[in-house]
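# Residue-level structural notes
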Amino acid sequence: AEAYAGLAKSLENLATNNFADLDQVVDKAEAAARKSIELAPALAEGHMVLSVIASGYRLDPAVAMKEIDTAISLDPGNVAVLIEYSRLYSLAADFETAIDAALTAQELDPVSTAAAQQLGTVLYFARKYDDAIVAYKRALSLNPHYPRPYYGIAMCRFLQGDLEEAARSVA
């Protein structure tokens, strides 16, 4: 079950990062996630991948929320699940829930660039730009080669009206 969940996540990552054609991998990712759930219904990762597929490819927010809620109930200490949970709840504009999940992910894995990045992103969506910049800078301290925090900082500075600092953030 864990291998199928890993395969599902890997295939989904190929699609997300444009390394493979969506039509070639999303159906395979979904099938692998369903196989994972069939083999181990209590394994959170399969549900998490189904949530990502439902939100990002099938455009079905109801299924996405159902699957991520299932995943978090099965494994509330899983950092990857918490990050996805935070992402979906931020998209639903439930910023309190999303921030709490991102903070928990960061507490559980303090060296996770993804957790720090997600905290920055949800704070950005919540229009807490100064706090978002702190989180993005933390992500950069963990991995200065990760490009997303630079963009996040630039957008925060831009929305704060500091165009010069926004330009410097990505230079």
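Residues numbered from 1 in each chain as written. Predicted model: local features only at pLDDT ≥ 70, side-chain atom pairs only at ≥ 80, totals over all residues. Heavy atoms only, no water.

## Examining a nonpolar patch on the surface
Taken together, the side chains of Tyr4, Leu7 and Leu39 define a hydrophobic patch exposed on the protein surface, amounting to about 270 Å² of accessible area. The residue Tyr4 is located in helix α1 (residues 2-16) in this model. (Patch = residues over 30% accessible without salt bridge, like charges linked within 9 Å, V, L, I, M, F, W, Y side chains within 5 Å. Areas by Shrake-Rupley, 256 points an atom, 1.4 Å probe, with all protein chains shown as cover. Salt bridge = Lys/Arg side-chain N within 4 Å of Asp/Glu carboxyl O. Helix = DSSP H or I, 4+ residues; strand = E, 2+ residues; numbered from the N terminus.)

## Overview of the packing of helix α5 (residues 79-91) against helix α7 (residues 113-125)
Between α5 and α7, the shortest axis-to-axis distance is 10 Å and the interhelical angle comes to 10 degrees. In terms of their interaxial angle, α5 and α7 are classed as roughly parallel. In terms of crossing hand, the pair formed by α5 and α7 is left-handed. Taking contact as the criterion, the partners of Ile83, Ser86, Arg87 and Ser90 in α5 are, on α7, Ala114, Ala115, Gln118, Val122 and Phe125. Classifying every residue of the contact of α5 with α7 by side-chain character gives five nonpolar, three polar and one charged. (Axes fitted to C-alpha atoms, helices over the stretch in contact; angles between N-to-C directions. Parallel < 35°, antiparallel > 145°, perpendicular 65-115°, else oblique. Left-handed = near helix turned anticlockwise from the far one by under 90°. Contact = heavy atoms within 4.5 Å. Nonpolar A, V, L, I, M, F, W, Y, C, P; charged D, E, K, R; others polar.)

## Notes on α5
Look at α5: 18 Å from first C-alpha to last across 13 residues, which is about the 18 Å you get at 1.5 Å a residue. With ten of its 13 residues buried, α5 lies for the most part within the structure. Of all the residues in α5, the buried ones are Val79, Val81, Leu82, Ile83, Glu84, Tyr85, Ser86, Leu88, Tyr89 and Ser90. Residues of α5 that are buried sit in contact with α3 (44-56), α4 (61-74), α6 (95-108) and α7. Looking at where α5 begins, the residue whose side-chain oxygen comes 3.0 Å from the main-chain nitrogen of Ala80 is Asn78. Just beyond α5, the residue with positive phi is Ala93, at close to 65 degrees. (Expected span 1.5 Å × (residues − 1). Buried < 20%, exposed > 50% of the residue type's maximum accessible area, 1.4 Å probe, protein only. Polar contact = N/O pair within 3.5 Å; in protein donor to acceptor, adjacent residues only side chain to side chain.)

## Observations concerning the packing of helix α2 (residues 22-39) against α3
What describes two packed helices is the angle between their axes and the distance between those same axes. It is the contact of α2 with α3, at a shortest axis distance of 8 Å, that shows an interaxial angle of 150 degrees. Put simply, α2 runs roughly antiparallel to α3. The hand of the α2/α3 crossing is left-handed. Taking contact as the criterion, the partners of Val26, Ala29, Glu30, Ala33, Arg34, Ser36 and Ile37 in α2 are, on α3, Gly46, His47, Val49, Leu50 and Ile53.

## Some details on the side chain of Ser55
With respect to the helices and strands, the residue Ser55 is situated in helix α3. Ignoring any residue separated from it by four or fewer positions in sequence, one finds Ser55 in contact with Ala64, Glu84, Arg87 and Leu88.

## Overview of the pattern of salt bridges
This structure, assessed with the given rule, holds eight salt bridges. Of the charged contacts in the structure, one is a salt bridge between Glu12 and Lys9, with a shortest N-O distance of 2.9 Å. A residue pair is termed a helical-turn pair when its members lie 3 or 4 positions apart in one helix, as Glu12 and Lys9 do in helix α1 at three residues. When the shortest N-O distance is used, the salt bridge between Glu38 and Lys35 registers 3.5 Å. Of this pair, Glu38 and Lys35 both sit in helix α2, separated by three residues, roughly a single helical turn. Residue class for Glu38 comes out exposed when judged on its relative accessible area of 57%. Salt bridges sharing partners connect three or more residues here, namely Asp27, Glu30, Arg34 and Arg58.

## Quick word on the packing of aromatic side chains
Inspection of every chain in the model, using the stated rule, returns three aromatic pairs. Geometrically, the ring pair formed by Tyr85 and Tyr89 is tilted, given 4.6 Å between the ring centres and 40 degrees between the ring planes. With Tyr85 and Tyr89 both in helix α5 and four residues apart, the pair spans about one turn of that helix. Its relative accessible area of 15% is what places Tyr85 among the buried residues. Judged by centre distance (6.0 Å) and plane angle (55 degrees), the ring pair of Tyr124 and Tyr129 falls under tilted. In this structure, Tyr124 and Tyr129 share a single accessibility class: buried. (Phe/Tyr/Trp six-rings, centres within 6.5 Å; stacked < 30°, edge-to-face > 60°.)

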